[in-house]
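Structural characterization, general
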2 protein chains.
Amino acid sequence: MTVTIKDVAKKAGVSPSTVSRVLSNHPRISLETSRKVKAIMEDMGYTPNMMAKSLVSKTTNSICFSLPKPAEELFSNLFFMELIRGIVTQASRSGYDVLISSGANEKEELEAVSRLLKGRRVDGVILLYSRTDDAVIDFLESNDYPFVLVGRSDRYENILSVDNDNVMAAYDATNHLISMGHERIGFVSGPPNLIVSRDRLAGYRKALLNSGLEMRDEWIVEGEFLQDSGYRAMSFFMNLPNRPTALVAVDDMVSFGILRGLNELKYKVPDDLAIVSFNNIPLSELSSPPISSIDIGIYHLGYTASQVLIQNIKSPNHDAGYTNRFVIPHRLIVRESSMYSHAKNKTE
Amino acid sequence: MTVTIKDVAKKAGVSPSTVSRVLSNHPRISLETSRKVKAIMEDMGYTPNMMAKSLVSKTTNSICFSLPKPAEELFSNLFFMELIRGIVTQASRSGYDVLISSGANEKEELEAVSRLLKGRRVDGVILLYSRTDDAVIDFLESNDYPFVLVGRSDRYENILSVDNDNVMAAYDATNHLISMGHERIGFVSGPPNLIVSRDRLAGYRKALLNSGLEMRDEWIVEGEFLQDSGYRAMSFFMNLPNRPTALVAVDDMVSFGILRGLNELKYKVPDDLAIVSFNNIPLSELSSPPISSIDIGIYHLGYTASQVLIQNIKSPNHDAGYTNRFVIPHRLIVRESSMYSHAKNKTE
DNA sequence: CTGTGTAAAGCAAACGGTTCCATAAGGAGG
DNA sequence: CCTCCTTATGGAACCGTTTGCTTTACACAG
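Fair warning: this is a prediction, and the values are worked out from it, not measured in the lab. (Residues numbered from 1 in each chain as written. Chains lettered and ligands numbered in written order. Predicted model: local features only at pLDDT ≥ 70, side-chain atom pairs only at ≥ 80, totals over all residues. Heavy atoms only, no water.)

Topic: the overall build of chain A
Within chain A, the regular secondary structure consists of 14 helices and 12 strands. Relative to a compact globule of 348 residues, whose C-alpha radius of gyration would be 20 Å, chain A shows 26 Å and is clearly more extended. Relative to its full complement of 348 residues, chain A shows a buried share of 57%. A fraction of 71% describes how many contacts in chain A between residues 6 or more apart in sequence connect residues 24 or more apart. (Helix = DSSP H or I, 4+ residues; strand = E, 2+ residues; numbered from the N terminus. Rg over C-alpha atoms; globule rule 2.2 N^0.38 Å. Buried < 20%, exposed > 50% of the residue type's maximum accessible area, 1.4 Å probe, protein only. Contact = heavy atoms within 4.5 Å.)

Here is the structure:
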């Protein structure tokens, strides 16, 4: 049926070990034997059985990208697409396969990851975000499995992670609005247990503080990274007596929701409300008006995560002291949603 | 280190075979032993080694989703996201893992698929599209590996495939424009070697023919499933002396390109040009104006593909005569890009 | 001519399971 | 009381590789 190393060995008149050594370019194999065996392998269409190989080498040449929520929900954000794109591209270049796993909740995610890792189906994991409290990270840490976080954790210091400087990013975004003359700026945040939400909120606050602008609690609302949250936030803000003239939204999807709502109410962007958000997903420039966004290099984030993880799998440099936090630069992309604003005209 | 079946056996005072049987709920194990062993497994934190299991069972409980192009390029289309979403969701429900693989070209794809299948790393493959001539399919067919096609092949009859009725879908899309009063309708096609392009083109032609409308070769342009193609097609069409008043585009991404171009030139949609395209990706309703699109149930396509594949892996019903082509229904979603058109007013 | 070093290849024991076959212990039937 | 089944378990081979330890065969120095 399938041709194994033994079949090749028999045909070549050598032992299986010799064939195995030919395969791995062992130095102590004569050129002659090597050539002969290789020819026969080619001839018989031999392909190594990865399972057998993995069994003995305890290595699988594949990594897992684990999603904290059911695939259904998460994938609606283009963010993940970009991330996967980066991960798969890099992994494939390093000769690694990528396995996508997802659970309905944190418990299921833990089960899946544990099964894959303990069952030796993957060598390491790429994790997304970081809740402030995370059983999956605990598991990975205490079992010493290779993993990298896209995002960061505030609980552990020595965790390998790839992230943006979200505080700075939000600072930049907010400052941009300030420089356009806005003085009442609101913030649509994400789930408060996500560090990314808190970092961005912190950056927003820092910018306001820095410019001596008013900071009101009612100008900050929490939501999910979904359109709906934006929609709801919008209607809340627009009903405020002294409403903001500009909004920083934690994710582009949120902006789309805001846009949709504003559109329905015939408000104009950016004249009635200017918007800047984060992530700069491929859609941001397609909406109307196009949304100003902080490009956080999602693809790059994924690419780097994969690279760092695989590097760590290959040589677990547990020497503390090395860099273990990789910061991907961001940059503000100004588009129509925050240009020529009413507020700006006022101040000029 | 890791706890194996033997460790459990030793601690339980039984043989490894007994533990193995407990694991697989073998009927001839006493309830008592079963309970005891299970308790000990739990206690020691035993997780079966998938590699070892796979080695003997020749089964991996995972499938591969193979992408014909480098991940970089392909993933820019939200189509894949949706597809993966469906695949991963269903596979995970069936207890299967999904591996994403991609090559830079057909040859690389073949290599990857062959490596995964012959190396027994996955049990089956989901393939995308179908070129009219496909080495990968040849390989899979002749080696009798389980696989399912998303799309269809015109060369083979007994291939498992999940698809839409693209001819009908294009017919519906075109008829919709015709019913809005358009008489000069153009078509932006995809690569001519893809069957989906040809089917949609055929449906477009059929609709025109059916209504006795003029059919011009210059009203049909070919491109990729990318924004750029739309952009280019747009500038070509708009420079035509007797230009179409409406366009059918083979993919939503193409429409976005058209929209962008039209926007730059200050043309209005749908007044200057009405648009209908295919796939109804999550963005279609977010663009401005929102795009009319044929919803082909991408998620459903992926979900079904996974289901059919796994079913086939579990029990290779090679009885010809069974259904092997699954058709996912489509439906037209009419949005602003094809409503209230100038052309319509003209005829009313 | 014997001893030693070295290159090339073989042997066999893992890796962690599964499964066919054998065995032991009871219980039933003669 | 002795067979014959049945049921619950153990033993061992095997899945396809890798790899440490030998073995073989020379070549060369003493």
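Following the structure, the description resumes.
Things to note about the interface of chain B and chain A
On the chain A side, the residues contacting the 44 residues of chain B number 43 residues. Counting the surface lost from both chain B and chain A, the interface buries some 4300 Å², and carbon and sulfur atoms represent 60% of this. A salt bridge links Arg115 of chain B to Asp97 of chain A; the shortest N-O distance between them is 3.3 Å. Run the count over chain B and chain A and you get 17 residue pairs in polar contact (both at pLDDT 80 or more). Those elements that provide at least two residues to the side of chain B that touches chain A are helix H4 (50-57), helix H5 (71-74), helix H6 (78-93), strand E2 (97-102) and helix H7 (106-118) of chain B. Its residues placed into classes, the side of chain B that touches chain A shows 20 nonpolar, 16 polar and eight charged. Pairing geometry for strand E2 (residues 97-102) of chain A and E2 of chain B, over three bridges, is antiparallel. Looking across to E2 of chain B, one finds that Leu99 of chain A is bridged to Leu99 of chain B. (Buried area = accessible area lost by both parts, 1.4 Å probe. Salt bridge = Lys/Arg side-chain N within 4 Å of Asp/Glu carboxyl O. Polar contact = N/O pair within 3.5 Å; in protein donor to acceptor, adjacent residues only side chain to side chain. Nonpolar A, V, L, I, M, F, W, Y, C, P; charged D, E, K, R; others polar. Pairing = 2+ DSSP bridges.)

Comments concerning helix H11 (residues 227-238) of chain B
The end-to-end C-alpha distance of H11 of chain B, which contains 12 residues, comes to 17 Å, matching closely the 16 Å that a straight helix rising 1.5 Å per residue would cover. Summarising the contacts, the buried residues of H11 of chain B are in contact with strand E6 (185-189), strand E7 (220-222), strand E8 (246-249) and helix H12 (252-264) of chain B. (Expected span 1.5 Å × (residues − 1).)

Regarding the relation of the copies chain B and chain A
Each of the two chain copies goes to the other by way of a rotation about an axis and a shift along it. The transform that puts chain B on chain A rotates by 180 degrees and translates by 0.2 Å along the axis, for an RMSD of 0.3 Å. The transformation relating the two chain copies, once decomposed into turn and shift, fits a two-fold axis. Here 98% of the contact residues of chain B are again contact residues in chain A; the copies associate through an equivalent surface. (Least-squares fit on C-alpha atoms with pLDDT ≥ 70 in both.)

Looking at the protein's contact with DNA strand D
Ile5 and Ser20 of chain A together with Ser15, Thr18 and Thr33 of chain B are the nearest of the 27 residues found near DNA strand D. A share of 62% is what sugar and phosphate atoms reach among the atoms of DNA strand D within 4 Å of the protein. For the surface near DNA strand D, the secondary structure elements donating two or more residues are helix H1 (5-12), helix H2 (16-23) and helix H4 (50-57) of chain A together with helix H2 (16-23) and H4 of chain B. Here the element with the most residues in the surface near DNA strand D is H4 of chain A; it accounts for four residues. (Near = heavy atom within 4 Å.)

Comments concerning the protein's contact with DNA strand C
Taken together, the neighbourhood of DNA strand C is formed by 27 residues, with Thr18, Arg21 and Thr33 of chain A together with Ile5 and Ser20 of chain B sitting nearest. The sugar-phosphate share of atoms of DNA strand C within 4 Å of the protein amounts to 63%. One of the side-chain N or O atoms of Thr18 of chain A is found 2.4 Å from a phosphate oxygen in DNA strand C. Here a phosphate oxygen of DNA strand C sits 3.0 Å away from a polar atom, N or O, in the side chain of Lys58 of chain A. Sort the elements by how many residues they give to the surface near DNA strand C and H4 of chain B lands first, with four residues. Among the residues forming the surface near DNA strand C, the class breakdown is 10 nonpolar, 11 polar and six charged.

Let's talk about the sheet that holds strand E10 (residues 292-295) of chain A
Residue and element names in this part refer to chain A. Pairing is mixed in the open sheet, where six strands are placed in the order E7-E6-E8-E9-E10-E12. Single-partner strands in this sheet number two, and they are strand E7 (220-222) and strand E12 (331-333). Ignoring which end each strand starts from, the neighbouring axes of this sheet average 20 degrees apart. Sheet analysis places E10 next to E12, joined by three bridges and oriented antiparallel. Bridged to Asp295 within E12 is Arg331. Across the sheet, helix H9 (residues 166-179) lies against strand E6 (185-189), strand E8 (246-249), strand E9 (274-278), E10 and E12, angled at about 165 degrees from E9, the strand it touches most. (Axes fitted to C-alpha atoms, helices over the stretch in contact; angles between N-to-C directions.)

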